[in-house]
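Tertiary structure, described
If you want the building blocks of each chain, they are given just below.
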Amino acid sequence: AQSVTQPDARVTVSEGASLQLRCKYSYSATPYLFWYVQYPRQGLQLLLKYYSGDPVVQGVNSFEAEFSKSNSSFHLQKASVHWSDSAVYFCALSPTNSAGNKLTFGIGTRVLVRP
Amino acid sequence: AQTIHQWPVAEIKAVGSPLSLGCTIKGKSSPNLYWYWQATGGTLQQLFYSITVGQVESVVQLNLSASRPKDDQFILSTEKLLLSHSGFYLCAWSRDSGNTLYFGEGSRLIVV
């Protein structure tokens, strides 16, 4: 069975500061990994994804994430946040051989950016 | 470009009443379709997925059912709502298994 752990339920940062959101996963092989963002009362939007290759992946809105097989992690980063980055961020995992594409989500990290 | 539309945007329903939520995908033939449920402030849980018309697989039993009457349409329903059905229902599509999921805007359900 696979699982995703996001250890930080809430993160508060000042506008212009850097942001790192942690994600650890448990899976027997290298999975597909995703970061999604959910703005208030909206659906989920894909920020970035990792399938294979370069462990550092670039996403939308200047977000990037680094995959580490040795640490079973897929942390999300942004160098300088804007107030509009306030949202809930979900890390997700998909097995590479999933017939139903069963995405397993973490509990999410709520980010508040202070002006 | 592909678009995904969910309806209704929000509903307030009484316990024991029926429910039908819909999802339509345009611009992609034969997509994989999914229903997810999100409790208020919680994470997402996959409920159903469908690879082809008329075929739906259940992932979690929550006294809900799903159907795919057309290639581009996915319906979530129940004949009797429970209080525990309250939450946010998200429809999603992907090109095939193991690929990225693209979500709709969701339908918010409050059961009273």
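Residues numbered from 1 in each chain as written. Chains lettered and ligands numbered in written order. Predicted model: local features only at pLDDT ≥ 70, side-chain atom pairs only at ≥ 80, totals over all residues. Heavy atoms only, no water.

On to the overall build of chain B. Helix and strand counts for chain B come out as zero helices and eleven strands. Shown N-terminal to C-terminal, the secondary structure of chain B runs as helices and strands in the order β-β-β-β-β-β-β-β-β-β-β. A compact globule built from 112 residues should have a C-alpha radius of gyration of about 13 Å, and chain B, at 13 Å, falls within 12% of that. Projected onto the principal axes, the alpha-carbon positions of chain B cover approximately 40 × 25 × 20 Å. Taking all 112 residues of chain B together, 48% fall into the buried category. Look at the contacts in chain B between residues 6 or more apart in sequence, and 54% of them connect residues 24 or more apart. With the model as given, the accessible surface of chain B reaches about 5,100 Å², and the carbon-plus-sulfur share is 54%. The averaged location of the 7 negative side-chain charges in chain B is 3 Å from the averaged location of its 8 positive side-chain charges. (Helix = DSSP H or I, 4+ residues; strand = E, 2+ residues; numbered from the N terminus. Rg over C-alpha atoms; globule rule 2.2 N^0.38 Å. Buried < 20%, exposed > 50% of the residue type's maximum accessible area, 1.4 Å probe, protein only. Contact = heavy atoms within 4.5 Å. Areas by Shrake-Rupley, 256 points an atom, 1.4 Å probe, with all protein chains shown as cover. Lys, Arg positive; Asp, Glu negative; His and termini not counted. Charge placed at Lys NZ, Arg CZ, Asp CG, Glu CD.)

This paragraph deals with the pattern of salt bridges. Residue and element names in this part refer to chain B. Summed over all chains, the structure comprises four salt bridges over all chains. For Asp72, the salt bridge identified is with Lys26, shortest N-O distance 2.8 Å. Placement of the pair is Asp72 in the loop between β7 (65-70) and β8 (73-78) and Lys26 in strand β3 (residues 19-26), with a sequence separation of 46 residues. According to the relative accessible area criterion, Lys26 is partly exposed, its value standing at 45%. (Salt bridge = Lys/Arg side-chain N within 4 Å of Asp/Glu carboxyl O.)

A cluster of nonpolar residues, Ile12, Ile110 and Val112 of chain B, forms a patch on the protein surface that exposes about 300 Å² of accessible area. As for its position among the elements, Ile12 of chain B is in strand β2 (residues 10-13). (Patch = residues over 30% accessible without salt bridge, like charges linked within 9 Å, V, L, I, M, F, W, Y side chains within 5 Å.)

Residue and element names in this part refer to chain A. Evaluated as defined, the whole model comprises 15 aromatic pairs over all chains. Taking 6.3 Å as the distance between ring centres and 50° as the angle between the ring planes, the aromatic pair formed by Tyr50 and Phe74 counts as tilted. Of this pair, Tyr50 sits in strand β6 (residues 44-50) while Phe74 sits in strand β9 (residues 73-78), and the two are 24 residues apart along the sequence. The exposure classification of Tyr50 matches that of Phe74, with both residues buried. (Phe/Tyr/Trp six-rings, centres within 6.5 Å; stacked < 30°, edge-to-face > 60°.)

What follows concerns unusual backbone geometry. Of all residues except glycine, most have a negative phi; of all peptide bonds, most are trans. All names here are of chain B. Going from Trp7 to Pro8, the amide bond is cis rather than trans, its omega being -10°. Along the polypeptide, Pro8 turns up in the loop between β1 (3-7) and β2. At Ser30, a position not held by glycine, the phi torsion is positive, near 50°. Within the secondary structure, Ser30 sits in the loop between β3 and β4 (32-38).

Under the criterion given, the structure shown has two disulfides over all chains. The disulfide bridge from Cys23 of chain A ends at Cys91 of chain A, spanning 2.0 Å between sulfur atoms. What sets the handedness of the Cys23 of chain A and Cys91 of chain A disulfide is the S-S torsion sign, and at about -70° it is left-handed. A residue pair is termed long-range when its members are at least 10 positions apart, and Cys23 of chain A in the loop between β3 (19-21) and β4 (24-26) and Cys91 of chain A in strand β10 (residues 87-94) qualify at 68 residues. Accessibility assignment for this pair places Cys23 of chain A and Cys91 of chain A in one class, buried. Bridging Cys23 of chain B to Cys91 of chain B, the disulfide has an S-S length of 1.9 Å. (Disulfide = S-S within 2.5 Å.)

Time to look at the sheet that holds β8 of chain B. All names here are of chain B. An order of β1-β3-β8-β7 is seen for the four strands of this open sheet, with the pairing classed as antiparallel. Pairing within the sheet leaves two strands with one partner each, and these edge strands are β1 and β7. Averaged over all pairs of adjacent strands, the angle between their axes in this sheet comes to 20°, without regard to strand direction. Sheet topology places β1 next to β3; five bridges connect them, and they run antiparallel. The partner of Ile4 across the bridge, within β3, is Ile25. (Pairing = 2+ DSSP bridges. Axes fitted to C-alpha atoms, helices over the stretch in contact; angles between N-to-C directions.)

A word on the interface of chain A and chain B. Think of interface size as the accessible area that goes away when the parts come together; that is how it is often given. Across the contact, 22 residues belong to chain A and 24 residues belong to chain B. A combined buried area of about 1,700 Å² lies between chain A and chain B, and 51% of that area is made up of carbon and sulfur atoms. At the boundary of chain A with chain B, the tally comes to zero salt bridges. At the surface where chain A touches chain B, the tally comes to seven residue pairs in polar contact (both at pLDDT 80 or more). Of all the secondary-structure elements, those providing two or more residues to the side of chain A that touches chain B are β5 (32-38), β6 and β10 of chain A. Among the elements that make up the side of chain A that touches chain B, the one with the highest residue count is β5 of chain A (four residues). In terms of residue class, the side of chain A that touches chain B is built from eleven nonpolar, eight polar and three charged. (Buried area = accessible area lost by both parts, 1.4 Å probe. Polar contact = N/O pair within 3.5 Å; in protein donor to acceptor, adjacent residues only side chain to side chain. Nonpolar A, V, L, I, M, F, W, Y, C, P; charged D, E, K, R; others polar.)

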